[in-house]
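Residues per chain, in single letters:
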Amino acid sequence: MGGNTQALAEEIQRQTGGDIYRIEPTVPYTTDYNTLAYTVARNEKDANARPALKETDRDFSQYNYIFVGCPVWWFDVPMIMHTFYDTYCKQLQGRTIIPFGTHEMSGIGGLVRDMQTDLGISGITYLQELGLIGRTIGTANSQQQVETWLAQLGFSENR
């Protein structure tokens, strides 16, 4: 919505040299925050919806480590994340998943919980997640937090 998670993903990419795959719906979300946050996202959550992905043929087999990130809406992941997990579950088996996300007050516990539930716990290794408050993304402090987190995970810049 506000670009915070995308900016965080781009910072992770900058520091690791990785690739980016953007999880997008077939029908784009509105750019009006109130409509998205208080109508669309809430209705999707209440209906346990699985919005269609714009791209469903991505090949993740070349990657050992996959950073998976999203914002947290209504104390949970956007429903499109469940679509992503359902679509790519088999490809993610045997990989190491590194969750990250943005939030304003709820933390990202829902991201990790839903990821492990949807993907199953066996066959996937999960490393320590990173959750940052969205409005802090792009500051020197957030860049340092990403650098520290990546170093704790054993990633050095452009590894």
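It should be emphasised that the depicted structure is a prediction, and the values quoted were computed from it without experimental measurement. (Residues numbered from 1 in each chain as written. Predicted model: local features only at pLDDT ≥ 70, side-chain atom pairs only at ≥ 80, totals over all residues. Heavy atoms only, no water.)

1. What about the nonpolar core?
Turning to step 1, where the next piece is worked out: Counting residues in each nonpolar core, the largest one holds 22 residues, and the members touching the most others are F60, V68, F84, Y85, L92, I97 and M115.
Turning to step 2, where the next piece is worked out: Elements supplying a minimum of two residues to this core: β1 (65–71), α3 (79–92) and α4 (109–119).
Turning to step 3, where the next piece is worked out: Broken down by element, the residue count for this core peaks at six residues, all from α3.
Turning to step 4, where the next piece is worked out: I98, L132, I137 and W149 belong to the second-largest nonpolar core, a separate cluster that totals 13 residues. (Core = buried A, V, L, I, M, F, W, Y, C linked by side-chain atoms within 4.5 Å. Buried < 20%, exposed > 50% of the residue type's maximum accessible area, 1.4 Å probe, protein only. Helix = DSSP H or I, 4+ residues; strand = E, 2+ residues; numbered from the N terminus.)

2. Digging into empty space enclosed by the protein
Turning to step 1, where the next piece is worked out: The final tally for this structure, using the stated rule, is one cavity of 30 Å³ or more.
Turning to step 2, where the next piece is worked out: Of the volumes computed, that of the largest cavity is approximately 40 Å³.
Turning to step 3, where the next piece is worked out: Along the walls of the largest cavity sit A41, E44, K45, W73, V77, P78 and M79, which together make up its complete lining.
Turning to step 4, where the next piece is worked out: Examining the composition of the lining of the largest cavity, we find that three residues originate from one element, helix α2 (residues 33–47), more than from any other.
Turning to step 5, where the next piece is worked out: Of the residues belonging to the lining of the largest cavity, the class tally is five nonpolar, no polar and two charged. (1 Å grid on protein atoms, 1.4 Å probe; cavity = no way out; pocket = protein on both sides within 12 Å on 5 of 7 lines; lining within 4 Å. Points joined across faces, edges and corners; volume = space filled by probe spheres on them. Nonpolar A, V, L, I, M, F, W, Y, C, P; charged D, E, K, R; others polar.)

3. Structural notes on the packing of helix α1 (residues 4–16) against helix α5 (residues 140–153)
Turning to step 1, where the next piece is worked out: Running from amino to carboxyl end, α1 crosses α5 at an angle of 55°, the nearest separation of the two axes being 10 Å. Classified by the angle between their axes, α1 and α5 sit oblique to one another. Note that α1 runs across α5; the crossing there is right-handed. Facing L8, E11, I12, Q15 and T16 of α1, the residues of α5 in contact are Q143, V146, E147, W149 and L150.
Turning to step 2, where the next piece is worked out: In terms of residue class, the contact of α1 with α5 is built from five nonpolar, three polar and two charged. (Axes fitted to C-alpha atoms, helices over the stretch in contact; angles between N-to-C directions. Parallel < 35°, antiparallel > 145°, perpendicular 65-115°, else oblique. Left-handed = near helix turned anticlockwise from the far one by under 90°. Contact = heavy atoms within 4.5 Å.)

4. Observations regarding the packing of aromatic side chains
Turning to step 1, where the next piece is worked out: The full count for this structure, using the stated rule, is 12 aromatic pairs.
Turning to step 2, where the next piece is worked out: Each ring, one from F84 and one from Y85, has its centre 6.0 Å from the other, and the planes form 65°; the classification is edge-to-face. This pair shows no difference in class: F84 is buried, exactly as Y85 is.
Turning to step 3, where the next piece is worked out: Grouping aromatic residues by their ring pairs yields a cluster made of Y21, F60, Y63, F84, Y85 and Y88. (Phe/Tyr/Trp six-rings, centres within 6.5 Å; stacked < 30°, edge-to-face > 60°.)

5. Observations regarding the pattern of salt bridges
Turning to step 1, where the next piece is worked out: As enumerated under the stated definition, the model contains six salt bridges in all.
Turning to step 2, where the next piece is worked out: A salt bridge links R50 to D86; the shortest N-O distance between them is 3.3 Å. Taken together, the residues R50 in the loop between α2 and β1 and D86 in helix α3 connect sequence positions 36 residues apart.
Turning to step 3, where the next piece is worked out: The partly exposed category is assigned to D86, whose relative accessible area is 47%.
Turning to step 4, where the next piece is worked out: Across the pair R135 and E104 runs a salt bridge, and its minimum N-O distance is 2.3 Å. With R135 in the loop between β4 (130–133) and α5 and E104 in the loop between β2 (96–103) and α4, this residue pair connects regions lying 31 residues apart in the sequence.
Turning to step 5, where the next piece is worked out: Looking at R135, the relative accessible area reads 61%, which means it is exposed. (Salt bridge = Lys/Arg side-chain N within 4 Å of Asp/Glu carboxyl O.)

6. Examining the side chain of S142
Turning to step 1, where the next piece is worked out: Mapped onto the fold, S142 is located in helix α5.
Turning to step 2, where the next piece is worked out: The contacts of S142, once residues within four sequence positions are left out, are L132, T136 and I137.

7. Side note on the pairing of β2
Turning to step 1, where the next piece is worked out: The buried fraction of β2 amounts to eight of the eight residues, a majority that puts the element mostly inside the structure.
Turning to step 2, where the next piece is worked out: Because side chains alternate across β2, one face comprises the buried residues T96, I98, F100 and T102, and the other comprises I97, P99, G101 and H103, equally buried.
Turning to step 3, where the next piece is worked out: Here seven bridges tie β1 to β2, and the two strands are oriented parallel to one another. Across the sheet, the residue bridging to F67 is I98, located in β2.
Turning to step 4, where the next piece is worked out: Once you follow β1 into α3 and on to β2, the crossover reads as right-handed.
Turning to step 5, where the next piece is worked out: For β2 and β4, the ladder comprises four bridges, and the chain directions are parallel. Its bridge partner lying in β4, F100 is registered against L130. (Pairing = 2+ DSSP bridges. Right-handed = clockwise from strand over helix to strand, strands pointing away.)

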